[in-house]
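Residue strings, one per chain:
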Amino acid sequence: MFVDIAFVVVLTIIGYRIIAAVPPLLHTPLMSGMNALSGVTVIGALLILGLAPRSVEPWAALAVIMGMTNVVGGFLVTERMLRMFRIRQRPAREQGGERT
Amino acid sequence: MSYQIAIASLITVGFLVGIRLLQSPRTAVWGNRLGALSMVLAIIFALYERGLLSEQRIWLYMVAGAGVGAVLALRVRMVNMPQMVGMFNGLGGGASALVAATAAQTGELSGWFFWWTAVFALALGTVTFSGSAVAALKLQGMITGRAIVVRGHGTLVAVLMIAGAAAMAGAAVAPDQLFYPVMPATVLAFVLVGIYMTIRIGGADMPIVISFLNSLSGVAAAVCGLAVNDMLLAGVGALVGVAGLILTQLMCVGINRSLFSVLGGPDPRGKTMAATAQPQAASWIEAAADSSEVELAPEARALLESGPAAGEMVEAADVAVEEPEPKEVTDLVREASSVIIVPGYGMAVAQAQHAVRELVDLLEGKGKEVKIAVHPVAGRMPGHMNVLLAEAGLDYDKFVDMDDINPEFANTDLVIIVGACDVVNPAARTAEQTPIQGMPVLHVEEARSVIVLNLDDRPGYSGVPNPLYGYGHCTLVLGNAADTLPGLIEILKS
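Residues numbered from 1 in each chain as written. Chains lettered and ligands numbered in written order. Predicted model: local features only at pLDDT ≥ 70, side-chain atom pairs only at ≥ 80, totals over all residues. Heavy atoms only, no water.

Turning our eyes to something else, we now look at the overall build of chain A. For chain A, the helix and strand inventory stands at five helices and zero strands. Listing each helix as α and each strand as β along chain A from the N terminus yields α-α-α-α-α. Every one of the 100 residues in chain A was classed for burial, and the buried ones make up 59%. Of the roughly 4,200 Å² that chain A leaves accessible, carbon and sulfur atoms contribute 64%. (Helix = DSSP H or I, 4+ residues; strand = E, 2+ residues; numbered from the N terminus. Buried < 20%, exposed > 50% of the residue type's maximum accessible area, 1.4 Å probe, protein only. Areas by Shrake-Rupley, 256 points an atom, 1.4 Å probe, with all protein chains shown as cover.)

Structure follows, in structure tokens:
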């Protein structure tokens, strides 16, 4: 319990420093990436599945499914978004200029 | 125990490095992939630790969830991204609530710390779930995007929260008798809190509630991790919570309101503003013209000073509205050598980002300098404009943040506004007693000329009329940007 709380405090401080430095340009990917991380609760659901009686299994299974949807969907959406951020190669831009 | 701490710390470092890589657009893709890899390791470690690696049914559940997530994420169109992120977020919150609700059944967890964290995780996860669902439905347009306020809304939310808190306290103090019996009441109360909290937030306040719900899902996971004594879950949840809070704070600064005030619904001053719009607009135009704070470009000031008296300026705006000579507009564009484009939510609605890209290419092809000014709260989620324009294929080095671009407007020939109102409203700097008073805005009026491609000349979400439309150096081209922008491009090409 104390280890957990200490861990939370340390990560809050380190996390604040790293996250605050993400530029506004990338705020949407940051948000959706962190959204994917919030599905980490799936590991809590796995713990329940391993320990709890069969009677609660449907609920824990639902939690696993929801958490996995969050994790996989979140990371893939972020991947799609980030792939769009690019700087075109020089030649490509000049071509674009000639076309017009 | 100590090897578990070591492994959890190692995986956490993976997450932190991943976020660190998100600081630059060049490395961001790898940051996200490292985050995903760390998540895979975290899940495999959790399976291993609990001896579940060979349980086929558990793999089945995981594959099912992963499949649903993958299909949704790969199919969604970029324009629907905000609601998709909102929905995923709600699922994470719901999963945390379920974990908190079933944790007591393991028989291994007890003690006051467990009970209290469990009820908190249940409450936070439930609010995240229902709040995100409402936010996603609003963004999807299945519920009106405007704020919905019922009578006694504030009181209702307060009563629900007190009732929920009472149920939580009862469950935590006497868990053996009450934890499961009062759970339906707790869940119901917080489902309603989530619904009523989110439903009265609308329009331009959406980025704030989206980031806030994102933060809540992280806090729910963190508290859940404390309840089930899993440091990795607690730590990663805390990271998400912090990220959401940072974004929420930035968005609040972007509209100059506190989170508390945003959660309290739309600014009541907005309504009275809209009602008394016309006469006030006139006085604001006057105030804007007289204000020493506003440093207008010399030409702009000359235009203002030679223009009609402030009282007549509103009418002048009406005249400009009726028939903006297309030739005049295109001349402005042709003669400008430096152009700043300001996109707003209207661009997202009209799906005009591809037309904006075409315009940028066209202007650059003619040797003009083009930049894109992005206001922090333009759109419906943090960084919304950047994503849409990146989707259209614009290079990210053209996007300039508000603080960096504001000093440049005075040296700019032309500003083209595409579907933005409140974020370029000069009244924010001059008019008092308005919802947008003190809100940081883009100082577009300082440019030599301004073209506004908006749907109409009505006030934006704040309800505050925009005196910019009446300025002499501002030309309005009203209509759907998806039509007006390509029209402009066609004329420019010929």
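The subject of this paragraph is the overall build of chain B. Secondary structure summary: chain B contains 22 helices and six strands in total. The proportion of buried residues among the 494 residues of chain B is 60%. Relative to all contacts within chain B whose residues are 6 or more apart in sequence, the contacts with residues 24 or more apart total 78%. For chain B, the computed accessible surface area is about 19,100 Å², with 62% contributed by carbon and sulfur atoms. (Contact = heavy atoms within 4.5 Å.)

The next subject is unusual backbone geometry. All names here are of chain B. One non-glycine residue with positive phi stands out, namely Asn256, at about 55 degrees. For Asn256, the position within the fold is in the loop between α10 (231-255) and α11 (259-263). Taking the relative accessible area as the measure of exposure, Asn256 reaches 40% and is therefore partly exposed.

Moving on: the environment of Asn70(A). In this structure, Asn70(A) sits in helix α4 (residues 57-84). Asn70(A) gets classed as buried once you look at its relative accessible area, which sits at 0%. Each C-alpha atom, one on Asn70(A) and one on Ile87(A), is 30 Å from the other, the two residues being 17 residues apart in sequence. If we skip the residues at most four places from it in the chain, Asn70(A) touches Asn35(A), Ala36(A), Ser38(A), Gly39(A), Phe88(B), Asn89(B) and Gly92(B). A polar atom in the side chain of Asn70(A) sits 3.0 Å from the backbone oxygen of Asn35(A). A polar side-chain atom of Asn70(A) sits 3.2 Å from the main-chain amide nitrogen of Gly39(A). (Polar contact = N/O pair within 3.5 Å; in protein donor to acceptor, adjacent residues only side chain to side chain.)

At their nearest, the axes of helix α1 (residues 2-20) of chain A and α10(B) sit 8 Å apart, and the two run at 35 degrees to each other. Where α1(A) crosses over α10(B), the two elements pack in a sense that is right-handed. Of the residues in α10(B), those touching α1(A) at Val3(A), Asp4(A), Phe7(A), Val8(A), Leu11(A), Thr12(A), Gly15(A), Tyr16(A), Ile19(A) and Ala20(A) are Met231(B), Leu232(B), Ala234(B), Gly235(B), Val236(B), Ala238(B), Leu239(B), Val242(B), Ala243(B) and Ile246(B). Residues that form the contact of α1(A) with α10(B) fall into these classes: 16 nonpolar, three polar and one charged. (Axes fitted to C-alpha atoms, helices over the stretch in contact; angles between N-to-C directions. Left-handed = near helix turned anticlockwise from the far one by under 90°. Nonpolar A, V, L, I, M, F, W, Y, C, P; charged D, E, K, R; others polar.)

Here we come to the side chain of His384(B). When you line up the elements, His384(B) lands in helix α19 (residues 384-391). Looking at His384(B), the relative accessible area reads 5%, which means it is buried. Every residue in contact with His384(B), bar those within four places of it in the chain, is listed here: Thr28(A), Pro82(B), Ala348(B), Ala378(B) and Gly379(B).

Attention shifts here to the interface of chain A and chain B. The interface of chain A with chain B comprises 80 residues on the first partner and 107 residues on the second. Both faces considered, chain A and chain B share a buried interface measuring about 8,500 Å² in area, 75% of it formed by carbon and sulfur atoms. Of all residues in chain A, Met31(A), Ile43(A) and Arg80(A) give up the largest surface area on contact with chain B, accounting jointly for 8% of the area buried on that side. Scanning the region where chain A abuts chain B turns up two salt bridges. On inspection of chain A and its partner chain B, the count reaches 21 residue pairs in polar contact (both at pLDDT 80 or more). Elements that contribute at least two residues to the side of chain A that touches chain B include exactly α1, α2 (27-37), α3 (42-51), α4 and α5 (90-99) of chain A. Of the residues in the side of chain A that touches chain B, the class split is 53 nonpolar, 18 polar and nine charged. (Buried area = accessible area lost by both parts, 1.4 Å probe. Salt bridge = Lys/Arg side-chain N within 4 Å of Asp/Glu carboxyl O.)

All names here are of chain B. Looking at chain B, the pLDDT average stands at 84 and 87% of residues meet or exceed 70. Every residue in residues 273-322 scores below 50 in pLDDT, and together they form 66 contacts with partners more than four places removed in sequence or on other chains. Predicted complex metrics record ipTM = 0.88 and pTM = 0.83. (pLDDT = per-residue confidence, 0-100.)

Residues and elements named next belong to chain B. In terms of burial, strand β5 (residues 449-453) is a largely internal element, five of the five residues being buried. Side chains Ser449, Ile451 and Leu453 project from β5 onto one buried face, and the interleaved Val450 and Val452 project onto a second face that is buried too. Here strand β4 (residues 414-418) runs beside β5; their pairing, made up of five bridges, is parallel. Each bridged residue has a counterpart across the sheet, and for Ile416 the counterpart in β5 is Ile451. The sheet contact formed by β5 and strand β6 (residues 474-476) spans three bridges and is parallel. Of the residues in β6, the one forming a bridge with Val450 is Cys474. (Pairing = 2+ DSSP bridges.)

The next subject is helix α3 (residues 56-75) of chain B. Two residues of an α-helix separated by three or four positions point the same way, owing to the 3.6 residues in each turn. Relative to the 28 Å expected for 20 residues at 1.5 Å per residue, α3(B) spans 28 Å between its end C-alpha atoms, a close match to the ideal helical length. For α3(B), every residue scored as buried is listed here: Ile58(B), Tyr61(B), Met62(B), Gly65(B), Ala66(B), Gly69(B), Ala70(B) and Ala73(B). With its buried residues spanning 160 degrees around the axis, α3(B) presents them on a single face. Exposed residues pointing more than 90 degrees away from the buried face of α3(B) are listed as Gln56(B), Leu60(B), Val63(B), Leu74(B) and Arg75(B). Buried residues along α3(B) sit against α3 and α4 of chain A together with α2 (28-49) and α4 (81-102) of chain B. (Expected span 1.5 Å × (residues − 1). Arc of directions from axis to C-beta.)

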